[in-house]
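# Structural features, examined
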Amino acid sequence: MSHALLLAAVLLFAVHVLGAAPPLLLGLSRRGLHFCVSVAAGVFLGAIFLHLLPELAARPGAGGHPDRLPWIAALAGLVLLFLLERIVLTRPGHEPDAHALVWSSSYIGLSVHSFATGLGFAAVAADPTLVWPFLGAMAVHEAGEAFSLATVMRLAGLPLRRSALLLLAYSAATPAGLLLGGALSLGALGEALTPVLAGLACGTFLYVAVGDLLPEIFHEGGRRMAGAIGLLLGIGAAAIGVWSLP
């Protein structure tokens, strides 16, 4: 395994940690956390419509036909996350904690996406001319997602220690995918697996953004303009991360 790959894994881990740090350490008010959630929703929507869906749509299938497997994975991700929230995470006879559902759903979706991103980056990292441009673009994208996840955890009232441990585990997902892809030289298997994982991430992101985050932004009156501004800022941040890719 090359030193460049190891260095990239370490830097990506650090980027995730730095992105998650502000919501954990700044002691934001509830109003501030809701604004950050609106930014997080924008990041999710931007990632879906500017990155994941175009990536799935551009993937050719065999014989000139569309490759439907990633789209099936996207549908599966959305439906499975819905069922997870409504059946597994909701106890019979008890009203579910909406904030707990948001952070747990976000954690699952982002972890899948981050691992898939690492697997995909392993193939790019084999070309020394592409490693650092891609790494810079990924740093912006991944830091925004870590910030989003840390925000919904704080809004859910998770203890700081538990949040920090979970975020450290999440921060290792992209480096783990990167190192696994580099160590095993997955080749054709990696090329086939990455779009399926991207589809799963797309479905989970879509559910979290539309089913959880957007209602959370606007469920309290008097903050709608701030929520709309945060949403647009998050979409802009996602666009910067996507369009900075070489």
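The structure displayed is predicted, hence computed values, not measured ones.

## What to know about the overall build of the protein chain
Scanning the protein chain from N- to C-terminus turns up nine helices and zero strands. Start at the N end of the protein chain and walk to the C end: the helices and strands fall as α-α-α-α-α-α-α-α-α. In the protein chain, which comprises 246 residues, the proportion classed as buried is 46%. A separation of at least 24 residues holds for 87% of the contacts in the protein chain among residues at least 6 apart in sequence.

## So, empty space enclosed by the protein
One pass over the full model with this rule turns up one cavity of 30 Å³ or more. Taken as a whole, the largest cavity spans an internal volume of roughly 30 Å³. Lining the largest cavity are Val 37, His 99, Val 102, Val 152, Leu 155, Ala 156 and Glu 216. Only helix 4 (98–124) and helix 5 (128–155) provide two or more residues apiece to the lining of the largest cavity. Its residues assigned to classes, the lining of the largest cavity shows five nonpolar, one polar and one charged.

## Structural notes on the nonpolar core
Membership of the largest hydrophobic core comes to 37 residues, with the highest contact counts inside it found for Leu 149 and Leu 213. Only helix 1 (3–25), helix 2 (30–57), helix 3 (69–88), helix 4, helix 5, helix 6 (160–171) and helix 8 (188–218) provide two or more residues apiece to this core. With 10 residues, helix 2 is the single largest residue contributor to this core. Setting aside its immediate chain neighbours within four residues, Leu 149 contacts Trp 103, Ser 106, Tyr 107, Leu 110, Leu 167 and Tyr 170. Within the second largest apolar cluster, nine residues are counted, among which are Leu 5, Ala 8, Phe 121 and Leu 178.

## Structural notes on a nonpolar patch on the surface
A cluster of nonpolar residues, Leu 75, Val 79, Leu 80, Phe 82, Leu 83 and Ile 87, forms a patch on the protein surface that exposes about 560 Å² of accessible area. Relative to the assigned elements, Val 79 resides in helix 3. For Val 79, a relative accessible area of 37% gives the class partly exposed.

## Things to note about the side chain of Ser 111
Secondary-structure assignment places Ser 111 in helix 4. At a separation of 2.7 Å, a polar atom in the side chain of Ser 111 contacts the main-chain carbonyl oxygen of Tyr 107. Ser 111 has contacts with Tyr 170 and Ala 173, leaving out every residue within four places of it along the chain.

## Brief notes about the environment of Leu 80
Position of Leu 80 among the secondary structure elements: in helix 3. Put simply, Leu 80 and Thr 204 are 124 residues apart on the chain and 8.3 Å apart in space, counted from C-alpha to C-alpha.

## Side note on helix 1
Taking 1.5 Å of rise per residue, 23 residues should cover 33 Å, and helix 1 covers 32 Å from first to last C-alpha, within 8% of that figure. Where helix 1 is concerned, the buried positions are Leu 5, Ala 8, Ala 9, Leu 12, Val 15, His 16, Gly 19, Ala 20, Pro 23 and Leu 24. A positive phi of about 60 degrees marks Gly 27, the residue just after helix 1.

## Some thoughts on the packing of helix 1 against helix 6
Close contact between helix 1 and helix 6 brings their axes to 9 Å; oriented N to C, the two are set at 155 degrees. Relative to helix 6, the element helix 1 lies roughly antiparallel. The crossing of helix 1 and helix 6 is right-handed. Facing helix 1, whose interface residues are Phe 13, His 16, Val 17, Ala 20 and Leu 24, helix 6 presents Leu 160, Ser 163, Ala 164, Leu 167, Leu 168, Tyr 170 and Ser 171. Each residue belonging to the contact of helix 1 with helix 6 can be placed in one class, and the counts come to nine nonpolar, three polar and no charged.

What counts, and where the lines are drawn
- Residues numbered from 1 in each chain as written.
- Predicted model: local features only at pLDDT ≥ 70, side-chain atom pairs only at ≥ 80, totals over all residues.
- Heavy atoms only, no water.
- Helix = DSSP H or I, 4+ residues; strand = E, 2+ residues; numbered from the N terminus.
- Buried < 20%, exposed > 50% of the residue type's maximum accessible area, 1.4 Å probe, protein only.
- Contact = heavy atoms within 4.5 Å.
- 1 Å grid on protein atoms, 1.4 Å probe; cavity = no way out; pocket = protein on both sides within 12 Å on 5 of 7 lines; lining within 4 Å.
- Points joined across faces, edges and corners; volume = space filled by probe spheres on them.
- Nonpolar A, V, L, I, M, F, W, Y, C, P; charged D, E, K, R; others polar.
- Core = buried A, V, L, I, M, F, W, Y, C linked by side-chain atoms within 4.5 Å.
- Patch = residues over 30% accessible without salt bridge, like charges linked within 9 Å, V, L, I, M, F, W, Y side chains within 5 Å.
- Areas by Shrake-Rupley, 256 points an atom, 1.4 Å probe, with all protein chains shown as cover.
- Salt bridge = Lys/Arg side-chain N within 4 Å of Asp/Glu carboxyl O.
- Polar contact = N/O pair within 3.5 Å; in protein donor to acceptor, adjacent residues only side chain to side chain.
- Expected span 1.5 Å × (residues − 1).
- Axes fitted to C-alpha atoms, helices over the stretch in contact; angles between N-to-C directions.
- Parallel < 35°, antiparallel > 145°, perpendicular 65-115°, else oblique.
- Left-handed = near helix turned anticlockwise from the far one by under 90°.

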